Amino acid sequence: MRRWRVAVLGFCIALPALAISIEAGDGRWQANVPSGARQRPNPMANEASAIAAGAKLFQRNCSSCHGKQAEGNAKHPDLHSDRIRGATPGELEWLLKNGSLKNGMPSWSRLPEPQRWQLVSFLKSLN
Ligand code: HEC
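Reading guide: rules and limits
- Residues numbered from 1 in each chain as written.
- Predicted model: local features only at pLDDT ≥ 70, side-chain atom pairs only at ≥ 80, totals over all residues.
- Heavy atoms only, no water.
- Donors = N, O, S within 2.8 Å, 3.2 Å for Na, K, Ca; no water.
- Tetrahedral: all angles 85-135°; square planar, octahedral: opposite > 155°, others 65-115°.
- Helix = DSSP H or I, 4+ residues; strand = E, 2+ residues; numbered from the N terminus.
- Buried < 20%, exposed > 50% of the residue type's maximum accessible area, 1.4 Å probe, protein only.
- Near = heavy atom within 4 Å.
- Polar contact = N/O pair within 3.5 Å; in protein donor to acceptor, adjacent residues only side chain to side chain.

**A few points about the coordination of the iron atom of the ligand**
Bound to the iron atom of the ligand on the protein side are H66 (NE2) and M105 (SD), at distances that span 2.0 to 2.2 Å. Angles of 87 to 179 degrees at the metal separate the 6 donor atoms of the iron atom of the ligand, which places the site in the octahedral class. A residue pair is termed long-range when its members are at least 10 positions apart, and H66 in helix α4 (residues 63-66) and M105 in the loop between α6 (89-98) and α7 (113-126) qualify at 39 residues. One exposure class covers both H66 and M105, and it is buried.

Below is the structure:
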């Protein structure tokens, strides 16, 4: 009887843990960012218009996966998060440029670099 209870309890603990581990986006990409890229400042950080420009780029290129409000879904991470808040602008630009291809995040190297920084301004404005 006791063992049976332990098994049920174990299952109740394991199930939510599993759900968390399969949630979209595990943030492992962050460990791959070279330190030079990590430290690059956003050259558009002080341009008020960068956020609005980034918001437009987001609707065009990103909202199909991440949602119109960047709220995410089961397969695509919510971009209002501690990870995005804590990430440096350089880390975010690096991710946009390189993508996280095996996890389904495309590379945005075809966008001109200033547009990627506008997207970074937008992402930071969410947080
Ligand atoms: C085809 C679907 C798709 C599109 C389009 C897409 N993304 Fe993603 N994105 C993903 C997936 C899947 C991940 C999770 C990748 C990972 O964790 O390795 C992700 C991860 C991210 C992350 C990191 C989130 C985190 O919590 O680690 C950011 C930031 C991001 N995307 C921004 C963007 C921006 C900005 C655009 C548009 C330029 C965009 N994405 C377009 C699928 C997409």
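**A closer look at the site of the ligand**
For the ligand, the set of nearby residues contains 23 residues, the closest of which are C62, C65, H66, S100 and M105. Within the side chain of W29, a nitrogen or oxygen atom sits 2.7 Å from an oxygen atom of the ligand. Here an oxygen atom of the ligand and a side-chain polar atom of S100 are 2.6 Å apart. Sorting the residues of the shell around the ligand by element identifies α4, α5 (82-86), α6 and α7 as the ones contributing at least two each.

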